[in-house]
Amino acid sequence: MTTLCALPSLYSCGHEIDGGDDKVGLLHSTYDARPDSESLRNRMTEDGYLFLRDYLKKDEVLAARHRVLEQLAAEGQLDPSAPLMEGVPKPGKNLFFQPELAQKNNPPLQHLLYHPQGRLMSFFASFLGGEIRHFDFTWLRCISPGMGTPSHCDIVYMGRGTRKLYTAWVPLGDVDFQLGGLMILEGSHKNERLQKTYGQRDVDTYCSNRLDDPAKTANGLNGWLSKNPNTIRQSLGGRWLTSEYRPGDMIVFCMDMVHCGMDNRSNRLRISSDSRYQLASEPVDERWVGDTPPGHSSAGKRGRIC
Ligand SMILES: O=C(O)CCC(=O)C(=O)O
Ligand SMILES: [Fe+2]
């Protein structure tokens with residue numbers, strides 16, 4: 001029983017994560033032994049995620065970070081007295097989700113995530129074993145000090161195409177425990193009860209036979225599984241797994257994996273991207289592709305008789 005002391009207090013949605021070796025642990029890199037695609041696929045089936053430490057090119061990651069921060073500085077969001085690369089927000093500015101900064105004017109980020117011969121796309125081509133495609137929408141997050149992303153599974157936001165779809169979470173800079181990065185609930189991707197209930201949800205459907213169903217105009221934020229990381233762990237079992245991250249790291253995980261972004265208890269922005277990849281031959285969720293993906297807007301909503 002020695003690992004407990006390796007982790008400081010961790011927080012999600014204002015709750016301190018329960019401590020103890022059976023409740024929280026460190027992610028271990030999956031890539032140390034340079035495994036072949038088949039063993040990576042087996043590992044994904046077993047664990048629901050792969051942690052690829054130092055897999056991406058650090059200079060490419062930092063170039064993408066630099067461009068994001070230049071954009072935020074130009075918008076007057078940053079404290080001009082702090083070095084740009086520190087990413088200190090101006091007091092009173094509350095940032096969370098900035099996909100528009102990824103869509104426009106960030107060639108280094110587009111290159112990092114989507115260049116056909118880049119490390120990331122090459123990983124998916126060999127992992128999936130065929131021609132791949134990515135979503136055109138990029139979830140870029142510049143998270144101000146405060147609450148992180150509540151626990152959820154990605155399937156409820158992007159499940160209209162194949163379920164064989166994967167998220168790549170990429171920290172754009174160092175992310176220590178204070179800044180608070182991605183956390184994954186061990187074994188949660190195998191929970192059939194969760195898949196048959198919450199996992200069937202589509203955040204953009206509404207009841208067309210119910211007048212003024214609020215889901216018709218919701219912004220996609222009604223997909224959270226829980227805002228309490230301790231009760232969800234008690235209910236599903238497993239440990240919360242996380243790490244401190246550095247530029248070059250990436251985590252790939254499946255659509256049924258419960259995860260969250262920890263609270264940011266620093267004075268800096270926590271900058272990361274998450275992007276999606278699948279086989280080109282599989283059906284795609286139309287909300288997230290094209291020049292201007294409709295996403296959770298009214299064009300992405302679907303009515304059904306309830
Ligand atoms: O970075 C975060 O706060 C959440 C990330 C996430 O939900 C994802 O990568 O799917
Ligand atoms: Fe997510």
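Calculation notes
Residues numbered from 1 in each chain as written. Chains lettered and ligands numbered in written order. Predicted model: local features only at pLDDT ≥ 70, side-chain atom pairs only at ≥ 80, totals over all residues. Heavy atoms only, no water. Donors = N, O, S within 2.8 Å, 3.2 Å for Na, K, Ca; no water. Buried < 20%, exposed > 50% of the residue type's maximum accessible area, 1.4 Å probe, protein only. Helix = DSSP H or I, 4+ residues; strand = E, 2+ residues; numbered from the N terminus. Pairing = 2+ DSSP bridges. Axes fitted to C-alpha atoms, helices over the stretch in contact; angles between N-to-C directions. Parallel < 35°, antiparallel > 145°, perpendicular 65-115°, else oblique. Contact = heavy atoms within 4.5 Å. Nonpolar A, V, L, I, M, F, W, Y, C, P; charged D, E, K, R; others polar. Near = heavy atom within 4 Å. Polar contact = N/O pair within 3.5 Å; in protein donor to acceptor, adjacent residues only side chain to side chain. Phe/Tyr/Trp six-rings, centres within 6.5 Å; stacked < 30°, edge-to-face > 60°. Lys NZ or Arg CZ within 6 Å of the ring centre and 35° of its normal. Core = buried A, V, L, I, M, F, W, Y, C linked by side-chain atoms within 4.5 Å. Left-handed = near helix turned anticlockwise from the far one by under 90°.

1. What about the coordination of the iron ion (ligand 2)?
Within the first shell, the iron ion (ligand 2) binds the protein through His152 (NE2), Asp154 (OD) and His259 (NE2), at distances of 2.1 to 2.2 Å. All donors of the iron ion (ligand 2) come from a single chain, and their spacing in sequence reads H-x1-D-x104-H. When sorted by exposure, histidine 152 lands in the same class as aspartate 154, which is buried.

2. With respect to the pairing of strand E7 (residues 165-171)
The element E7 is extensively covered by neighbouring structure, given that 7 of its 7 residues are classed as buried. The two faces of E7 match: Leu165, Thr167, Trp169 and Pro171 on one face and Tyr166, Ala168 and Val170 on the other face are all buried. The sheet contact formed by E7 and strand E13 (residues 270-279) spans 7 bridges and is antiparallel. In the strand pairing of E13, tyrosine 166 is matched with tyrosine 277. Here 4 bridges tie E7 to strand E11 (residues 250-254), and the two strands are oriented antiparallel to one another. Within the sheet, the bridge partner assigned to tryptophan 169 lies in E11 and is isoleucine 251.

3. A closer look at the packing of helix H1 (residues 37-47) against helix H5 (residues 119-128)
In the contact formed by H1 and H5, the axes pass within 8 Å of each other and the chain directions differ by 85 degrees. Here H5 runs roughly perpendicular to H1, going by the angle between their axes. Mapping the contact onto sequence places Ser37, Leu40, Arg41 and Met44 in H1 and Phe123, Ser126, Phe127 and Leu128 in H5. Split into classes, the residues belonging to the contact of H1 with H5 amount to 5 nonpolar, 2 polar and 1 charged.

4. Re unusual backbone geometry
Backbone geometry at cysteine 13 places phi at a positive 50 degrees, although glycine is not the residue there. On the secondary structure map, cysteine 13 appears in the loop between strand E1 (11-12) and strand E2 (15-16). Of the residues examined, cysteine 13 reaches a relative accessible area of 13% and is grouped as buried. With a phi angle near 60 degrees, aspartate 54 is a residue other than glycine that sits in the positive phi range. Along the chain, the position of aspartate 54 falls in the loop between strand E4 (49-52) and helix H2 (58-74).

5. Quick notes on the site of ligand 1
As a matter of local geometry, ligand 1 sits amid 15 residues, with Thr149, His152, Asp154, Trp169 and Arg276 nearest to it. One of the side-chain nitrogen or oxygen atoms of threonine 149 is found 2.5 Å away from an oxygen atom of ligand 1. Between an oxygen atom of ligand 1 and a side-chain N or O atom of tryptophan 169, the distance comes to 2.9 Å. Counting only elements with at least two residues in the shell around ligand 1, the list comes to strand E6 (139-143), E7, strand E12 (259-261) and E13. Tallying contributions element by element places E13 first for the shell around ligand 1, with 4 residues. Tallied by class, the residues present in the shell around ligand 1 amount to 4 nonpolar, 6 polar and 5 charged.

6. Focus on the packing of aromatic side chains
Evaluation of the coordinates by the stated rule reveals 14 aromatic pairs. When the ring of phenylalanine 51 is compared with that of tyrosine 245, the centres are 5.9 Å apart and the planes differ by 80 degrees; the resulting orientation is edge-to-face. Taken as a pair, phenylalanine 51 in strand E4 and tyrosine 245 in the loop between strand E10 (240-242) and E11 lie far apart in primary sequence, 194 residues in all. Residue class for phenylalanine 51 comes out buried when judged on its relative accessible area of 1%. We classify tyrosine 245 as buried; its relative accessible area is 3%. Just above the ring of tyrosine 55 sits the side chain of arginine 119; from NZ or CZ to the centre is 4.2 Å. Against the face of tryptophan 139 rests arginine 276, its NZ or CZ located 4.4 Å from the ring centre.

7. What to know about the nonpolar core
Nonpolar side chains in soluble globular proteins tend to end up buried together. Judged by nonpolar contacts, the single largest core of 53 residues is most densely connected at Phe123, Phe124 and Met250. A total of 6 residues in this core trace back to one element, the largest contributor, which is H5. In this structure phenylalanine 123 touches Leu40, Leu50, Leu52, Tyr55, Met250 and Val252, once residues within four positions along its chain are discounted.

8. Examining the sheet that holds E10
Pairing is mixed across the open sheet formed by 4 strands, whose spatial order is E3-E10-E8-E12. A strand with exactly one partner marks an edge of an open sheet, and here the two such strands are strand E3 (24-26) and E12. On average, each strand axis in the sheet is tilted by 25 degrees relative to the strand beside it, whichever way the strands run. Inspection of the sheet shows E3 paired to E10 by 3 bridges, in the parallel sense. Considered in E10, the bridge of valine 24 is made with tryptophan 240.

9. Some remarks on the packing of H2 against helix H4 (residues 107-114)
As a packed pair, H2 and H4 sit with axes 7 Å apart at the nearest point and diverge in direction by 145 degrees. Regarding H2 and H4, the two cross each other, and that crossing is left-handed. Contact with H2, carried on its side by Glu60, Val61, Ala63, Ala64 and Arg67, involves Pro108, Leu109, His111 and Leu112 of H4 and no other residues of that element. Residues belonging to the contact of H2 with H4 are distributed by class as follows: 6 nonpolar, 1 polar and 2 charged.

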